[in-house]
Amino acid sequence: MTHAVKVHPLFSPWGRFGLYSFFIDAPEPAIVDTGIASSPAEGMAPGLEAIGRRIEDVRWILLTHGHIDHVGGAHALWELTGRRAQVVIHEADAPMLRSRGAHVKEYLVGRGRYLNDPEGEVKATAAGNAVISGEMEPSMLVKGGETISLGGDVTVSVHSIPGHTPGSVAYSIDGQRSVFVGDAVQVHGAANGFPGYMDPTTYRTSLEYVRDELRPQYLYLGHPYRRADGTPYGVELDAAQSQEAVTQSLAHEGRVTAAACGCLRAGLQETDSPYSPFARAAEELGYTGDPMLEPSPFFTSMHGYREHLDQNT
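Overview of the structure. Being a predicted model, the structure only gives us computed values, none of them experimental.

1. What about the overall build of the chain?
At step 1: Looking only at helices and strands, one finds eleven helices and twelve strands in the chain.
At step 2: A compact globule built from 313 residues would reach a C-alpha radius of gyration of about 20 Å, and the chain, at 19 Å, matches this within 12%.
At step 3: Referenced to the eigenvectors of the C-alpha coordinate spread, the extents of the chain come out at roughly 60 × 40 × 35 Å.
At step 4: The contacts of the chain with a sequence gap of at least 6 include a subset with a gap of at least 24, amounting to 64%.

2. Quick word on the side chain of Asp 183
At step 1: Checked against the element boundaries, Asp 183 lands in the loop between β10 (178–182) and α8 (200–214).
At step 2: The buried charged residue Asp 183 lacks any salt bridge, with Arg 111 as its nearest oppositely charged partner at 11 Å.
At step 3: Once you skip the residues sitting within four places of it in the chain, Asp 183 turns out to touch His 65, His 70, His 164, Gly 222, His 223 and Tyr 225.

3. What to know about the packing of aromatic side chains
At step 1: Summed over the entire model, instances satisfying the criterion amount to 16 aromatic pairs.
At step 2: Judged by centre distance (5.3 Å) and plane angle (65°), the rings of Phe 11 and Tyr 20 are edge-to-face.
At step 3: Centre to centre, the rings of Tyr 197 and Tyr 203 are 4.2 Å apart; their planes meet at 10°, and the pair counts as stacked. Here Tyr 197 matches Tyr 203 in class, with each residue buried.
At step 4: Through successive ring pairs, a cluster of aromatic residues spans Tyr 114, Phe 194, Tyr 275, Phe 278, Tyr 287, Phe 298 and Phe 299.
At step 5: If you follow Arg 227 out to its NZ or CZ, it ends over the ring of Tyr 233, 3.9 Å from the centre.

4. Some remarks on the sheet that holds strand β3 (residues 30–32)
At step 1: Read across the sheet, six strands follow the order β1-β2-β3-β4-β5-β6 without closing on themselves; strand pairing throughout is mixed. The open sheet is flanked by β1 (7–14) and β6 (140–142), the only strands paired with a single partner. Strand-to-strand, the axes of this sheet are offset by a mean angle of 25°, without reference to chain direction.
At step 2: As defined by bridge partners, β1 adjoins strand β2 (residues 17–24) across eight bridges and the pair is classed as antiparallel. Among the inter-strand pairings, Pro 9 is bridged to a residue of β2, identified as Phe 22.
At step 3: Lying over the sheet, helix α1 (residues 39–50) contacts β1, β2 and β3, oriented at roughly 145° with respect to β1.

5. Things to note about helix α7 (residues 120–131)
At step 1: With twelve residues, α7 extends 16 Å from end C-alpha to end C-alpha; this agrees with the ideal 16 Å at 1.5 Å per step.
At step 2: Where α7 is buried, its residues touch β1, α2 (68–71) and α5 (100–109).

6. As for the environment of Ile 51
At step 1: Along the chain, Ile 51 falls in the loop between α1 and β4 (60–62).
At step 2: On the basis of relative accessible area, Ile 51 is assigned to the partly exposed category, the value being 32%.
At step 3: For the pair formed by Ile 51 and Ala 184, sequence separation is 133 residues and the distance between their alpha carbons is 28 Å.
At step 4: Not counting the four nearest positions on each side in its chain, Ile 51 is found in contact with His 8 and Phe 23.

Criteria and thresholds
- Residues numbered from 1 in each chain as written.
- Predicted model: local features only at pLDDT ≥ 70, side-chain atom pairs only at ≥ 80, totals over all residues.
- Heavy atoms only, no water.
- Helix = DSSP H or I, 4+ residues; strand = E, 2+ residues; numbered from the N terminus.
- Rg over C-alpha atoms; globule rule 2.2 N^0.38 Å.
- Contact = heavy atoms within 4.5 Å.
- Buried < 20%, exposed > 50% of the residue type's maximum accessible area, 1.4 Å probe, protein only.
- Lys, Arg positive; Asp, Glu negative; His and termini not counted.
- Salt bridge = Lys/Arg side-chain N within 4 Å of Asp/Glu carboxyl O.
- Phe/Tyr/Trp six-rings, centres within 6.5 Å; stacked < 30°, edge-to-face > 60°.
- Lys NZ or Arg CZ within 6 Å of the ring centre and 35° of its normal.
- Pairing = 2+ DSSP bridges.
- Axes fitted to C-alpha atoms, helices over the stretch in contact; angles between N-to-C directions.
- Expected span 1.5 Å × (residues − 1).

The values are spatial; any link to function lies outside them.
Here it is, written out as structure tokens:
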């Protein structure tokens, strides 16, 4: 690579959250993650226009994982490119791109089991209909280990980093260690104040892989994840901030693991606590956030530990 490839964050509004995508200014331009249905028109198009670029010229749509706020805008963005962009996702998360129903199923078998919301399935279905712009077949399925050419001498390598979801991936711009990890580096969580991951074992292994193998010079996060004191990182981290964020993520995962496993071994108890049946873990961790507030990372992670323990006993 003869020169550094510029990366531009693209912000899109969404309720109490803001969503972030990233534009890779390569000969064949790419956008990493797509927000929700409204994001391409309301966030990406004006964001690109402000830097003298056109959404019609995007040729690659690189999805870090299958959650609704990362793939929801994929079909709409693909349409705005004249259906010329290639849409890339890991094979394990591809069902989330192909089917709105896959998001409802994920809710029901995971965090929905603990939220005790009789209208949960209806709400999850309505959310999928509202914020997923369309069901679609990806252009390219990846497993990790692939190299994608963005034209000229610009290439992006694909790295499997499961844990947050089974099909989470990192995209790294070769030669400059600019690494896009989506939601795979959770630190102490985002707005809900708790890290969310479906598989605690692979989450930790993936964090170690990012630290030891990818060694980001620049790290791009899906949301402004928070330090222990509650202050948020930005979504563009330099090398020192990247190392700090990964180190804090590993340390906090260790604390969550100890609390969750202690709770599970003591036996789950149904109580009036909003954290039931994992109230003991919440108390030990000092977690006082609202576990009912979607995307409910507390219950997502606790269910992950429960599943992991069941598989190993």
